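Analysis of the macromolecular model
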Amino acid sequence: MSVQENVAGTLARPSADQAPVDLRSDTVTRPTAAMYERMMAAEVGDDGLDGDPTARELEAYTAQTLGKEAGLFVPSCTMANLLAILAQAERGEQVVLESSAHIYTSERGSGTLTGLFYLPVPGTAGAMDVNALEDALTATGHRLRTALVGMETSHNNAGGAVLPLAHMRTVHDLAHARGARVHLDGARLFNAAVALDVRPAEIAQFADTVSLCLSKGLSAPVGAILAGPRDTIAKCRPLRRMLGGAQRQIGIMAAAGLEAVRTMGPRLAEDHRRARRLSEGVNALAGTISASSPQTNIIQIDVSRSGRDSGAWVQRLEGIGLLTRPWGKQKLRCVTHREIDDAAIERAIAAFAKALV
């Protein structure tokens, strides 16, 4: 057995029919063999001193892919979003977000660091109400000035919904007309691009800055890219150091990220197809549960009529060999990814059928 096969984890890995079907998140994906090969051969340097050549290559390539001038490699998409906020807004200003956006529901604790107010506005399927946005952009009297407007696509809490490009253009134009900049939380941006059948840059054009997670469906082990104007990214570099995000020979990880950005986008269509199959299969059970119709790789399953809450469902399914996540008390979230094949989807459907009994 080769060194590559060994480090790729093929040793001591349970066979597909023994291991549970893991639909908790696309973050459970492991690096590909090609990623491991790139990692072992990566040219490295001290990214906190003279710079890491592979990290710089990843930053430049991803920025170009997203249609931006420059990029910055950071440990997580949460840090990328925070850096975008710190670099484009001042203390005492506000950031406007759709009310179920990940930055608002899961990351707004960063407001304790930024001194900014995070203002939620209502939305549908992850798309904010543009009338509410226009009102929030009107800084009169006691109102705070809106410095930044955030969007998210695909939208996690909206079940992987993809923002229409026309909506993104409207938000972008409204914000710029009122002197605000736009940030896109594009953790799963490549999923959105596949769903819309467009290049990632055609989505990113409607934001000044955009984050991209490398460790979800793209299957890299760690990291994210923040891309945007050259002067904004230059401002983010010292902020990254301030937050503890400057790393040393990070080219080892950047090499996997580079492989991910270059090669993994097109195959996301397989995850979307399998998500649709899972949704259809669950809904065909004609039980007391129902699945959403996914645009991308996230399915939400409503268990509110089943007599069991989501926590009980998670435990029941785990005993059958299916791993899911509770999404509130009445829903489960299932996410397809590279390590879920057609057979795993059929096993998942069978598990739901058994759990209904």
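Starting afresh in each chain, residues are numbered from 1 along the sequence in its written order. Thresholds applied to this predicted model are a pLDDT of at least 70 for local features of residues and 80 or more for the giving and counting of side-chain atom pairs; totals over whole chains, interfaces and linings are not thresholded and use all residues. Hydrogen atoms and water are omitted, and side-chain values are computed over all heavy atoms in the structure.

Right, let's talk about the sheet that holds strand 7 (residues 146-152) for a bit. In this description, strands pair whenever DSSP reports at least two bridges between them. Helix and strand assignments come from DSSP, with helices taken as H or I runs of at least 4 residues and strands as E runs of at least 2, each series counted from the N terminus. Within the open sheet, the 7 strands sit side by side as 2-10-9-8-7-3-4. Their pairing is mixed. In this open sheet, the two edge strands, each paired with only one partner strand, are strand 2 (70-74) and strand 4 (117-121). On average, each strand axis in the sheet is inclined to that of its neighbour by 20°, with strand direction left out of account. Where strand 7 lies against strand 8 (residues 181-185), 5 bridges are found, and the strand directions are parallel. The residue of strand 8 that forms the bridge with E152 is D185. What makes two residues a contact is simply this: any of their non-hydrogen atoms within 4.5 Å. In this description, a line fitted to the C-alpha atoms serves as the axis of each element, helices being fitted only across the stretch in contact, and the angle between N-to-C directions of two axes falls anywhere from 0 to 180 degrees. Running at roughly 20° to strand 2, helix 11 (residues 230-242) makes contact with strand 2, strand 8, strand 9 (209-213) and strand 10 (224-228) of the sheet.

The disulfide criterion is simple: two cysteine sulfur atoms within 2.5 Å. If you walk through the whole model with that rule in mind, you get 0 disulfides. C77 forms no disulfide, and the closest cysteine sulfur to it belongs to C213, at a distance of 5.3 Å. Under the scheme applied here, a residue whose accessible area is under 20% of the maximum for its type counts as buried, over 50% as exposed, and between as partly exposed, the area being computed with a 1.4 Å probe on protein chains only. Its relative accessible area of 8% is what places C77 among the buried residues.

A few words now on the packing of helix 9 (residues 189-196) against helix 13 (residues 268-283). Where helix 9 meets helix 13, the axes come as close as 9 Å, and the angle between the chain directions of the two elements is 75°. Taken together, the axes of helix 9 and helix 13 are roughly perpendicular relative to one another. For the pair helix 9 and helix 13, the contacting residues are F190, N191, V194 and A195 in the first and L268, A269 and H272 in the second. Looking at the contact of helix 9 with helix 13, its residues break down into 5 nonpolar, 2 polar and no charged. Between 65 and 115 degrees an angle is taken as roughly perpendicular, under 35 as roughly parallel, over 145 as roughly antiparallel, and anywhere else as oblique. Side-chain classes are defined by residue name, with Ala, Val, Leu, Ile, Met, Phe, Trp, Tyr, Cys and Pro counting as nonpolar, Asp, Glu, Lys and Arg as charged, and the others, Gly among them, as polar.

In this numbering, the UniProt entry assigns the feature "modified residue: N6-(pyridoxal phosphate)lysine" (unreviewed entry) to K216. Of note, K216 is situated in the loop between strand 9 and strand 10. UniProt positions are given in the numbering used here, feature names are shortened, and annotations may be inferred rather than shown by experiment.

In this section: the domain arrangement of the protein. Here the domain parsing of the protein yields domain 1 (33-264) and domain 2 (267-356). Computed over C-alpha atoms only, the centres of domain 1 and domain 2 are separated by 29 Å. Each side of the interface is counted separately: domain 1 has 17 residues, and domain 2 has 12 residues. Taking both sides of the interface into account, the surface hidden between domain 1 and domain 2 amounts to around 1300 Å²; carbon and sulfur atoms contribute 51%. Buried area is understood as the total, over both parts, of accessible area removed when two parts are fitted together, assessed with a 1.4 Å probe. Sorting the residues of domain 1 by area buried against domain 2 places G159, N191 and M264 first, and these three jointly supply 34% of that buried surface. Salt bridge, as used here: a side-chain nitrogen of Lys or Arg that lies within 4 Å of a carboxyl oxygen of Asp or Glu. Our enumeration of links across domain 1 and domain 2 arrives at 0 salt bridges. Polar contacts, as used here, are pairs of N or O atoms within 3.5 Å; protein pairs need one atom able to donate a hydrogen and one able to accept it. Residues neighboring in sequence count only if both atoms are side-chain atoms. Across the domain 1-domain 2 interface, the total number found is 8 residue pairs in polar contact (both at pLDDT 80 or more). Residues belonging to the side of domain 1 that touches domain 2 are distributed by class as follows: 8 nonpolar, 8 polar and 1 charged. These domain limits were set by an automatic method or by a database of domain assignments.

In total, this model carries 21 salt bridges according to the counting rule given. A salt bridge links R188 to D26; the nearest nitrogen and oxygen atoms lie 2.8 Å apart. Remark: D26 occurs in the loop between strand 1 (21-22) and helix 2 (33-41) and R188 occurs in the loop between strand 8 and helix 9; sequence separation between them is 162 residues. There is no split in this pair, since R188 and D26 are both buried. For R267, the salt bridge is made with D271, and the minimal N-O distance between the two is 2.7 Å.

Strand residues, when the strand is regular, have side chains that alternate between the two faces of the sheet. Most of strand 8 sits inside the fold, with 4 of its 5 residues counted as buried. When the strands point away from the viewer and the connection leading from the first strand across the helix to the second strand turns clockwise, the crossover is called right-handed. Following the chain from strand 7 across helix 8 (residues 165-177) to the adjacent parallel strand 8, one finds a crossover that is right-handed. Note: strand 8 against strand 9, 3 bridges, orientation parallel. The partner of L184 across the bridge, within strand 9, is V210.

Right, let's get into the pairing of strand 2. In terms of burial, strand 2 is largely enclosed, as 5 of its 5 residues are buried. Residues A70, L72 and V74 line one face of strand 2 and the alternating positions G71 and F73 line the opposite face, and both faces are buried. Across 5 bridges, strand 2 lies against strand 10 in antiparallel orientation. Bridged to G71 within strand 10 is A227.

Take the buried residues of types Ala, Val, Leu, Ile, Met, Phe, Trp, Tyr and Cys, join any two whose side-chain atoms come within 4.5 Å, and each joined set is a nonpolar core. Ranked by size, the top nonpolar core spans 50 residues in total, and within it V149 and L214 carry the most contacts. Residue contributions to this core peak at 5 residues, all from helix 12 (residues 251-263). Setting aside its immediate chain neighbours within four residues, L214 contacts L58, F73, S219, A220, V222, G223, A224, I225, G257 and V261. Residues I289, A291, V303 and A344 belong to the second largest nonpolar core, which totals 24 residues.

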